[in-house]
Amino acid sequence: MRRSLLAACCLFMACLYSSAQPTWGFRGGVGVDKKISKGMSAGLEARYHQTDDFQRTDRWSLGVSLSKRLYRNEAKTFSVKSAVGYKFMKVYNDWSTKYKGDLAIAVNNDLDPQYYIDNNYDFNLNNSYVETRHRVTASVQAAAEFGRFKISLRESYQFTHRDSADFVKDKYRYEDNSWTVKSSPDGKSPSNSNVLRSKVNMDYDIPHWKLDPFVSYEMFNGIDDSFKIEKSRITAGVEFSINKKHNFEVAYLWQNQHDDDEPAGSLNSDRHEKTAFVIDPIPGHSSFGSG
């Protein structure tokens, strides 16, 4: 059995949002790969994400995968492989607010409840809740080596089903110089999403060094929204090789959008650009993908 360290320690550092408020988090996991036959292997993976300065669990997941090498030339400088995977996820969604007053007043949603209270604005507060998700992925990756450079292209289809979720809604109304709060059950209906992820990665093997630099670019295309580019991500860093079976990377990540699929994604919707200093699995090495 070949054991691989998918992420021994995944630490977000200096996550900068448009509000210029840094947030710390942790993202890590372990995995085991088993060779089934020549060019084919199966894997198990467990992951845990934390955010909000290590104060809140963002999600945990369990996954299985199956990968198959479709082609490799005699020189072993070009190869094509495919992979399928399934993830069971428990995602912790933070609270959210919605302004319910006079529409003529420009007040944003998802502000801190205290803001509305201090200004006597009516609002609804959706309390935090836990959501179950099921994710299926299918990918094809081609990799070519040119001297010490290695370039890979991965196309990955990602289907996610969100189960129904229940939470409590608190309605805050300010009348006659006093607040009234009415709580009632609410929730979200089941939903599905389809995403096509396209990723190109280039790395360089430095002779007699355990540190190899890499850079990658990935696009997230919403299949349900006419293949609109929902998010772009650039990652640059170095790969650490502990031995032939255990590797990890330290990288700087930038993306132009974040969503509820990642740490802090369910917070203020006005926060778009995101940067991070991250320790994570090696690009393209995991059949599960990186998100």
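This one's a predicted model, so the numbers in the text were calculated from it and none came from an experiment.

Q: Mind laying out the overall build of the protein chain, listing which residues take part and the relevant values?
A: Scanning the protein chain from N- to C-terminus turns up one helix and 17 strands. Out of the 291 residues belonging to the protein chain, those deemed buried represent 41%. For the protein chain, the share of sequence-separated contacts (at least 6 apart) that also reach a separation of at least 24 residues comes to 58%.

Q: How would you sum up the nonpolar core? Please name residues and give values.
A: Core analysis: the biggest nonpolar cluster contains eight residues, these being Tyr99, Val107, Leu111, Tyr116, Tyr121, Phe123, Leu125 and Tyr172. Apart from residues lying up to four places away in sequence, Val107 is in contact with Tyr99, Tyr115, Tyr116 and Tyr121.

Q: Describe in detail the packing of aromatic side chains, supporting the description with residues and values.
A: Aromatic ring pairs are reported here in terms of the distance separating the ring centres and the angle at which the planes meet. Applying the stated rule across the entire model yields twelve aromatic pairs. Centre to centre, the rings of Phe123 and Tyr172 are 4.5 Å apart; their planes meet at 10°, and the pair counts as stacked. Placement of Phe123 in strand 8 (residues 123-126) and of Tyr172 in strand 11 (residues 165-175) is noted, with a sequence separation of 49 residues between them. Like Phe123, the residue Tyr172 is buried in the burial classification. Pairing Tyr172 with Trp179 gives two aromatic rings, centres 6.3 Å apart and planes at 75°, and the pair type is edge-to-face. On the accessibility criterion, Trp179 (27% relative accessible area) is partly exposed. Taken together, the aromatic side chains of Tyr99, Tyr115, Tyr116, Tyr121, Phe123, Tyr172, Tyr174 and Trp179 make up a single cluster linked through ring pairs. When the ring centre of Phe220 is taken as reference, the NZ or CZ atom of Lys231 above it lies at 4.5 Å.

Q: Residue-level account of the sheet that holds strand 12 (residues 178-188), with values.
A: In spatial order, the strands read 7-8-11-12; together these four strands make up an open sheet with antiparallel pairing. The two strands at the open ends of the sheet, each matched to only one other strand, are strand 7 (96-99) and strand 12. The average angle at which neighbouring strand axes cross in this sheet is 20°, direction not considered. Of the strand pairs in this sheet, strand 7 and strand 8 are connected by four bridges, and their pairing is antiparallel. Looking at strand 8, one finds that Thr97 is bridged to Leu125.

Q: Give me the lowdown on the pattern of salt bridges, citing residues and values where you can.
A: What the rule picks out here adds up to seven salt bridges. Of the charged contacts, one joins Lys169 and Asp186 as a salt bridge, the two residues approaching to 2.9 Å between their closest N and O atoms. Taken together, the residues span a long stretch of sequence, with Lys169 in strand 11 and Asp186 in strand 12 at a distance of 17 residues. The buried category is assigned to Lys169, whose relative accessible area is 18%. Residues Glu218 and Arg233 are paired through a salt bridge, measuring 4.0 Å at the closest nitrogen-oxygen approach. Of this pair, Glu218 sits in strand 14 (residues 211-222) while Arg233 sits in strand 15 (residues 228-241), and the two are 15 residues apart along the sequence. Salt bridges linked by common partners bring Arg154, Arg197, Glu218 and Arg233 together as one network.

Q: An account of the confidence of the model for the protein chain is requested, with residue identities and associated values reported.
A: Predicted confidence across the protein chain gives a mean pLDDT of 79, with 73% of residues reaching 70 or more. In this model, residues 1-22 is a region of pLDDT below 50 whose contacts with residues beyond four sequence positions or in other chains number 78 contacts.

Q: Outline a nonpolar patch on the surface, listing residues and values.
A: Nonpolar side chains collect at one region of the surface, where Phe146, Phe149, Ile151, Leu153, Val200, Met202, Val215, Tyr217 and Ile234 lie side by side and expose about 740 Å² of accessible area between them. Where the nonpolar patch is concerned, the elements lending two or more residues are strand 10 (149-162), strand 13 (191-204) and strand 14. The greatest single-element share of the nonpolar patch, amounting to three residues, is contributed by strand 10. The topology assignment puts Phe149 in strand 10.

Q: An account of a positive patch on the surface is needed here, citing residue identities and associated values.
A: A surface patch of positive charge is lined by Lys35, Lys38, Arg72 and Lys76. Along the chain, the position of Lys35 falls in strand 3 (residues 23-37). Taking relative accessible area as the criterion, Lys35 reaches 60% and is therefore assigned exposed.

Q: Go over the side chain of Asp170, please, and point to the residues and values.
A: Mapped onto the secondary structure, Asp170 falls in strand 11. No salt bridge is formed by the buried Asp170; the nearest opposite charge belongs to Lys171, separated by 10 Å. A distance of 2.5 Å separates the side chain of Asp170 from the side chain of Ser183, its partner in a polar contact. When neighbours within four sequence positions are excluded, Asp170 is seen to be in contact with Phe123, Asn124, Leu125, Asn127, Val181, Lys182 and Ser183.

Q: Lay out the environment of Lys199 in plain terms, naming residues and giving numbers.
A: Structurally, the position occupied by Lys199 is in strand 13. With 17 residues separating them along the chain, Lys199 and Ser216 place their C-alpha atoms 7.0 Å apart.

Criteria and thresholds
Residues numbered from 1 in each chain as written. Predicted model: local features only at pLDDT ≥ 70, side-chain atom pairs only at ≥ 80, totals over all residues. Heavy atoms only, no water. Helix = DSSP H or I, 4+ residues; strand = E, 2+ residues; numbered from the N terminus. Buried < 20%, exposed > 50% of the residue type's maximum accessible area, 1.4 Å probe, protein only. Contact = heavy atoms within 4.5 Å. Core = buried A, V, L, I, M, F, W, Y, C linked by side-chain atoms within 4.5 Å. Phe/Tyr/Trp six-rings, centres within 6.5 Å; stacked < 30°, edge-to-face > 60°. Lys NZ or Arg CZ within 6 Å of the ring centre and 35° of its normal. Pairing = 2+ DSSP bridges. Axes fitted to C-alpha atoms, helices over the stretch in contact; angles between N-to-C directions. Salt bridge = Lys/Arg side-chain N within 4 Å of Asp/Glu carboxyl O. pLDDT = per-residue confidence, 0-100. Patch = residues over 30% accessible without salt bridge, like charges linked within 9 Å, V, L, I, M, F, W, Y side chains within 5 Å. Areas by Shrake-Rupley, 256 points an atom, 1.4 Å probe, with all protein chains shown as cover. Lys, Arg positive; Asp, Glu negative; His and termini not counted. Charge placed at Lys NZ, Arg CZ, Asp CG, Glu CD. Polar contact = N/O pair within 3.5 Å; in protein donor to acceptor, adjacent residues only side chain to side chain.

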